[in-house]
Structure formats: C-alpha cells, structure tokens
Amino acid sequence: MAEASISMARDQFSCPLCVGILRDPVAIPCGHSYCMDCINNFWNEADYTGDYICPQCRVAFTQRPVLRRNTLLSKVAEKLKTTPVPGNSYAGQGDVPCDFCIGKKFKAVKSCLNCLASYCDKHLKPHYESATFKRHKLVDELGNLDRKICPQHQKSLELFCRTDQMCICALCTVSEHRGHDLVSAETERAEKQKQLGVKQAEIYHKCQERVKELEDLRRAVDSLKSSAQRAMAESEKMFTEMLRSIERMRSEVTKLIGINEKAAFNQAEGLVERLEQEIEELKRREMSVKQLHSTEDHIHFLQNFNSLSTPTEDGLIPRVTVNPDFSFGAVRRAVSEIKERLEEISREELLRISKSVNETPVYHMENRIKERQIKANEVSIDSIPAPEPKTRLDFLKYFCQLRFDPNTAYRELHLSEGSRKVIRTREIQPYPDHPERFDSFAQVLCREALQNNRFYWEIEWSGEFSIGVTYKGISRKGKGSLCLLGYNDKSWSLLCSDSGYSAWHNREDVYIKAAHSPRIGVYLDHAAGTLSFYSISDTMTLLHRFETTFTEPLYPGFGVGTSIKICQVK
C-alpha cells in the first residue's frame, strides 16, 4: 500500500511535458501545473503565432499568462524528490542512466535498440502502452548505444562480416563488404558463444584449481603455524626442564660444598679446643716447675720434685696439619667442564637445527607453463619412477624424521627424548583430554602425515609390540578391536615378539618366521601403494610387504609392550 501511494503521488506531481517531478511548479489559468522551464519553453515557440494553449486540455489563451511559482507544490515536489521510488534507484558509477530523466537521473532498466536510448521504469511505460513502440526491441540496459550504429551509414548494426571480423549494417553489404562472408549477428553470436562456452569452462576449471591450491595453501599455512606453535611450546618445556636439571645440579653441588665445609670446620673446632686446653695445662705446669726451681726451702723442693719431674704425656692429641692435596678447586673445575660441555653442545645443536630449518624450503614454486609442458609430453624423465631401494644406504635416502604425537598417546605411555622414545609405565600420565587419544589400548601415532612420496624410518624395541601405518580416521575410543592397528581396513601393521612376527590388515594375519631383530626398518612408497618391513642387522631382511592403493595420508603408529625408540640415523 505504501509503495502504491508513493507511485500515485509521483504521478500526480509529475510534469506532463518532461514526465519528471515538478521543478519550480507553476499553475496556469486552466488549473494544470508544469515545471516553469518546461511551460516557458513550450510557449516560447508560440510567441510567433500568439496562440498560447495548455498542452494537456488544449485550452487557448489570447495573451501569454503570467507565471508565478507555486510554493505549496514546490514543497511537496521537493519532498517527493527525496523519497525513494519503489523498484527504482538513482544511477551511480558504473550504472546506465535513463536518457529521459531530467536532473538527477534514475538507473535505466531497459534499452531500446530502435530508439537507441535507455529508460527507467517510468519512462519505459510508453514502450509497453503505445502501439507505436510495439515493434521496438527492448534489451537489458546497455551503455554506449552509439556503438550499435554504423558510423558510416547511421543504421543499426545487424550483420557480421567474417572476412573483416566486424559488425556491419545492411548498407555495408552493397559497398565495402560486398562479396564478403556475411552472416547475421545472431548466427555469429551463436558460433562464438560455443567458443566462449569452452573458454568459460577452461576458466572455471582454472578457477577451481586455484581455489583448491588456495585451500591447500591455507591448510599448509595453518599446519605450519600449528607445527611452529607446538615446536615453540615443546622447546620451551624442554628448556624449562633443562634449567630445572641445571638448578638441581647447582643445588646438589652447593649442598656438597656446604656439608664438607661444615664437617671440616666442626672437626677443626674440636681439635682447636683440645689444643688450647693442653696449652693452658702446660703453662700451669711450667709455672709450678719454675716456682719449685727457685724455692730456697730444701724440704719443699724434695717433697714436690717427683710429681713435677714426671714426663708430660704426648700423643693424646694427634698432630694436625692441613692436607695440601685437599681443595674445592676440583669442584670448580668439574662445574667449569660441565659449563663448557653444555656450551659446546648448545653451539653444535643450534648450528645443526639452524642448518636443518634454514636449508629446508617452506614452499616449492613451480612454473605452471613448464608443468603443463611436462604433462603434455607422452614420455617424461620425471614420469619414470626411481628404482626400488636395494641396500640400506639406498633406503636411507628416504629417511624421515618422526616424533610421537602426545595428543594420541595412551595415558600409560611416557614420552621422552624429544618425543622419540615411549615407555609403558603402568602409571597414569597427566595428559589432557583429547579426541585423538587412544583411551583403551597402549598405542600412539606420530605427528607427521606421509603422502605421495617415499619414506623410511627405523625403530628399536623391547617387549611385544606392533608397528605400522594408519589413516587418520582410525577409531580411538572404546575397547573394540577396531581401534587396534591392523584390525581394520584403515591400518596395516607388523606384530613383533620374541617368538616371531605376523603381518595384519583388516583382521587378517600372515605368520612370518624370522630371527629376532631388535631393530626394525619400515619403507613406505605411498604413490606405488607398498609398505615393507625389514629386520636390521648387518644386512636388511624383508619380513613382509603390503601391496595396495593408499587413498589418504598415512600416520606411523605403534602398539607399545615395553619400550620403543625412533632411531636417528642421520
């Protein structure tokens, strides 16, 4: 209702001449209202004849009426100008304006290829209501309609010259383009639209590829960020533990020095006290001997001589000398050696870490044109797979650094040595709750996702255990066997014990008779779909090989009996 009222009000306060909202409205004697400029311009043409008529009712005036601005109509018209028109909006930058709006122009909704003009909803009405415009061809609003006219003949462009690859009018066919390969614009458009469809599909395909690359890049960046945060947190934790160890050592050394110092002091203090007592006793005896020696009383001398002439006792108090070989300098030297060794290890390890991080590129940039050329070649050097490794040195070319993921570790598993060693402790570890944690079986996965390439790693073990790989979707919760490595279609494993080996996948096992080996090597060729287990001694002996098709990234996993250690062979 409100929209209809606004439209009706605009119709009532529109100028019949310009069909726009009244500007400086004036009412002439017959009662009809017009824009002052519109009626003045209309009557200016009648000044030669002296016939002044109303454009609407055709009433004639013998003299040109005096025009005065209608204040009330001006206020109403100004208000309507600021009221939005339902379905209309003013033309902005990039929009096609209506060619018939005066002042601020509305956005055109249609263009007429016959009139070569664009119209808003209001000015388009005659094309729908008048029979004169019935044959005019209306299309969605177009800009630059002058480009639809032949610049030479001023006629509509209706044909296409394939010889000169340009649009032409009908008159061009008998002059400049006579004898050329000519078709209608519609026919040529249909032909080129097919080509455009192919191009559109190509662009769409490229767009989809870029979107996927963007998603992969964002995931990689998120993974990189998470990896950096984990590395920072774990490094901080390790350094904190090292500082605590150093602090404990400092405390023990300080305590050792203090205890020895106190013991030596207490021992020396007792000897000092006894020596002081003996000195006092000797001084008293010396005085008595001196007095006896100087007395003139012969009887007194003889009576006391025997008691004072008795030899003094030696050896009751041992002779004390400080051992010149004893010193706390040994402690200082030991602490200094520890400090130097720590600094040396820190320098070497920091150099190794820096070299490993700095020399490993974060991103690989590939030339798209070169990539397409390689794909286009039927035979490519890159397409020839590298030969299967034969010796341990060959396998070590594909060695990958692995670490246990504490978020997956069963709560009775203790991780150490930088998350490269795991021990079954039977004591609950203070791990936080995590959806990826195994809650019923002593299993743990590695953090690294292995995909597309070749990978090799080695482990040392004790006690019965299982080693293998799994998709991320393996069950983690509950006591069902589907959580075990090799007991489902998402994982492959080798069960190892002192009595032998068995390979497991989807609850099916293959018994393997082989000598016990404390070190096991695992080789994964994800693209080729092979997973191989080797016993490592002086030689490498193949225990079992799975051959399948891997459809997802794989995570190394372990079922822990006693202990497992991921070897660092580089």
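Nothing here was measured: the structure is a model prediction, and the numbers come from that model.

K.L.:
Any details on the overall build of the protein chain? Residues and values, ideally.
P.N.:
The secondary structure content of the protein chain amounts to nine helices and 23 strands. With 570 residues in all, the protein chain has 27% of them scored as buried. Here the analysis covers contacts within the protein chain between residues at least 6 apart in sequence; of these, 54% occur between residues at least 24 apart.

K.L.:
Give a description of the sheet that holds strand S16 (residues 491–497) that names residues and reports values.
P.N.:
Pairing is antiparallel in the open sheet, where six strands are placed in the order S13-S22-S15-S16-S17-S18. Two strands in the sheet have a free side with no partner beyond their single neighbour: strand S13 (443–445) and strand S18 (508–512). Neighbour-to-neighbour, the strand axes of this sheet turn through a mean angle of 20°, independent of strand direction. Sheet analysis places strand S17 (residues 500–505) next to S18, joined by five bridges and oriented antiparallel. When the bridges of S18 are listed, Tyr-501 appears paired with Ile-512.

K.L.:
So what's going on with the nonpolar core? Which residues, and what values?
P.N.:
Counting residues in hydrophobic clusters, the biggest one holds 40 residues, and the most contacted among them are Trp-457, Ile-459 and Ile-467. By residue number, the principal contributor to this core is strand S14 (residues 454–462), which donates four residues. Leu-22, Ala-46, Cys-54 and Leu-67 belong to the second-largest nonpolar core, a separate cluster that totals 17 residues.

K.L.:
Please provide a residue-by-residue account of the sheet that holds strand S8 (residues 159–161), values included.
P.N.:
Across the sheet, which stays open at both edges, the three strands sit in the order S9-S8-S10 with antiparallel pairing between neighbours. The sheet terminates laterally at strand S9 (166–168) and strand S10 (182–184), the two strands that pair on one side only. The sheet shows a mean angle of 35° between the axes of neighbouring strands, direction not considered. Two strands pair when backbone bridges link them, and S8 and S10 are joined in this way by three bridges, in the antiparallel orientation.

K.L.:
Summarise the packing of aromatic side chains; cite the residues concerned and give the values.
P.N.:
Counted according to the given criterion, the structure contains 15 aromatic pairs. The side chain of Arg-476 reaches across the aromatic face of Phe-438, ending 5.5 Å from its centre.

K.L.:
Residues and numbers for the pairing of S14, please.
P.N.:
Extensive coverage of S14 is indicated by the burial of seven of its nine residues. Relative to strand S23 (residues 563–566), S14 is paired through four bridges, and the arrangement is antiparallel. Looking at the pairing, Ser-462 lines up with Ser-563 of S23.

K.L.:
Tell me about the confidence of the model for the protein chain, residues and numbers included.
P.N.:
Note: predicted coordinates in regions of low pLDDT should not be interpreted at a detailed level. Residue-level pLDDT values for the protein chain average 83, and 88% of them are 70 or greater. The low-confidence segment residues 378–382 (pLDDT under 50) makes two contacts with residues lying over four places distant or belonging to another chain.

K.L.:
So what's going on with the pattern of salt bridges? Residues and values would help.
P.N.:
All told, the structure shown has 22 salt bridges when counted by the stated rule. In this structure, Glu-234 and Arg-447 form a salt bridge, with 2.1 Å as the shortest nitrogen-oxygen distance. Here Glu-234 is found in helix H5 (residues 185–294), whereas its partner Arg-447 is found in the loop between S13 and S14, with 213 residues between them in sequence. Residue Glu-234 is classed as partly exposed on the basis of its relative accessible area, which comes to 22%. A relative accessible area of 18% means that Arg-447 is categorised as buried. Measuring nitrogen to oxygen at the nearest pair gives 2.9 Å for the salt bridge that ties Arg-392 to Glu-458.

K.L.:
Summarise H5; cite the residues concerned and give the values.
P.N.:
With 110 residues, H5 should reach 164 Å at 1.5 Å per residue; the first-to-last C-alpha distance of 156 Å fits that figure. Three or more residues of H5 are buried, namely Glu-188, Leu-271 and Leu-292. Against S8, S10 and helix H6 (298–308) lie the buried residues of H5.

K.L.:
Got a sec to walk through the side chain of Ser-563? Specific residues and values, please.
P.N.:
You can see Ser-563 is positioned in strand S23. For Ser-563, a relative accessible area of 17% corresponds to the buried category. A polar side-chain atom of Ser-563 sits 2.9 Å from a polar atom in the side chain of Ser-462. Setting aside chain neighbours within four positions, we find Ser-563 in contact with Val-422, Ile-423, Glu-460, Trp-461 and Ser-462.

K.L.:
So what about a nonpolar patch on the surface? Which residues, and what values?
P.N.:
On the surface, Leu-243, Ile-246, Met-249, Ile-338 and Leu-342 cluster together into a nonpolar patch covering about 430 Å² of accessible area. It is H5 that contributes the most residues to the nonpolar patch, three residues altogether. Tracing the backbone shows Met-249 in helix H5.

K.L.:
Break down unusual backbone geometry for me, with residues and values.
P.N.:
One non-glycine residue, Asn-452, adopts positive backbone phi at about 70°. Examined against the element boundaries, Asn-452 turns out to sit in the loop between S13 and S14. Taking relative accessible area as the criterion, Asn-452 reaches 52% and is therefore assigned exposed. Residue Arg-507 is not a glycine yet carries a positive backbone phi of 70°. Residue position: Arg-507 is located in the loop between S17 and S18.

K.L.:
Describe the packing of H5 against H6, naming the residues involved and giving the relevant values.
P.N.:
For any two helices packed against each other, one specifies the crossing angle of their axes together with the interaxial distance. Taken N-terminus to C-terminus, the directions of H5 and H6 make an angle of 150°; their axes are 10 Å apart at the nearest point. Classified by the angle between their axes, H5 and H6 sit roughly antiparallel to one another. Considering how the two elements wind past one another, H5 and H6 form a crossing that is left-handed. Counted together, Arg-285, Ser-288, Val-289 and Leu-292 of H5 and His-300, Phe-301, Asn-304, Phe-305, Ser-307 and Leu-308 of H6 form the full contact between these two elements.

K.L.:
I'd like to hear about the side chain of Arg-476, residue by residue, with values.
P.N.:
With respect to the helices and strands, Arg-476 occurs in the loop between strand S15 (465–470) and S16. Look at Arg-476: it is buried, it has no salt bridge, and the nearest opposite charge is Glu-436 at 4.4 Å. Setting aside residues no more than four positions away along its own chain, Arg-476 makes contact with Thr-408, Pro-435, Glu-436, Arg-437, Phe-438, Asp-439, Leu-445 and Cys-483.

K.L.:
Any chance you could break down the pairing of S23 for me, citing the residues and the numbers?
P.N.:
Sheet topology places strand S12 (residues 421–424) next to S23; three bridges connect them, and they run antiparallel. Its bridge partner being in S23, Lys-421 is matched across the sheet by Lys-565.

K.L.:
For the environment of Ile-102, give the residues involved together with the corresponding values.
P.N.:
For Ile-102, the position within the fold is in the loop between helix H3 (71–81) and strand S5 (110–112). Sequence spacing of Ile-102 and Val-19 is 83 residues, and the spatial spacing of their C-alpha atoms is 8.8 Å. Those residues in contact with Ile-102, other than ones at most four positions away along the chain, are Cys-18 and Arg-23.

How each quantity is defined
- Residue numbers restart at each chain and count upward from 1, following the sequence in its written direction.
- Per-residue local features of the predicted model are confined to residues with pLDDT of at least 70, and side-chain atom pairs are confined, for both listing and counting, to 80 or more; whole-chain, interface and lining totals are unaffected and use all residues.
- Excluded from the side-chain calculations are hydrogens and water; all other atoms, namely the structure's heavy atoms, are used.
- In this text, helices come from DSSP runs of H or I with a minimum length of four residues, and strands from runs of E with a minimum of two, each type numbered from the N-terminal end.
- Accessible area is worked out with a 1.4 Å probe on protein chains only. A residue is then buried under 20% of its type maximum, exposed over 50%, and partly exposed in between.
- Contacts are assigned to residue pairs with any non-hydrogen atoms lying within 4.5 Å of each other.
- Criterion used throughout: strands pair if DSSP finds at least two bridges between them.
- In this analysis, axes come from line fits to C-alpha atoms, helices being fitted only over the stretch in contact, and the angle between any two N-to-C directions falls in the range 0 to 180 degrees.
- By nonpolar core we mean a set of buried residues, namely Ala, Val, Leu, Ile, Met, Phe, Trp, Tyr and Cys, connected to one another through side-chain atoms within 4.5 Å.
- We call Phe, Tyr and Trp rings a pair once their centres come within 6.5 Å, taking the six-membered ring for Trp, and we label the pair stacked below 30 degrees between planes, edge-to-face above 60, and tilted otherwise.
- Here, a charge over a ring means that NZ of Lys or CZ of Arg falls within 6 Å of the ring centre while also lying within 35 degrees of the ring normal.
- Residue-level confidence of the predictor is what pLDDT reports, using numbers from 0 through 100.
- In what follows, salt bridge is the name for a side-chain nitrogen of Lys or Arg lying within 4 Å of a carboxyl oxygen of Asp or Glu.
- Helix span is expected to be 1.5 Å times the residue number reduced by one.
- Two N or O atoms count as a polar contact when they lie within 3.5 Å, although within protein this holds only if one can serve as hydrogen donor and the other as acceptor, and sequence-adjacent residues are included solely when both atoms are side-chain atoms.
- Residues qualify for a patch when their relative accessible area is over 30% and they have no salt bridge, like charges being joined within 9 Å and the nonpolar side chains of Val, Leu, Ile, Met, Phe, Trp and Tyr within 5 Å.
- Per-residue accessibility takes into account occlusion by the displayed protein chains alone, with areas from the Shrake-Rupley method and a 1.4 Å probe.
- Any angle that is under 35 degrees is reported as roughly parallel, and any over 145 degrees as roughly antiparallel; angles of 65 to 115 degrees are reported as roughly perpendicular and all others as oblique.
- Note: crossing handedness is left-handed where the near helix turns anticlockwise from the far helix by less than a right angle, and right-handed where it turns clockwise.
- Within this scheme the basic residues Lys and Arg register as positive and the acidic residues Asp and Glu register as negative, but His and the chain ends are omitted.

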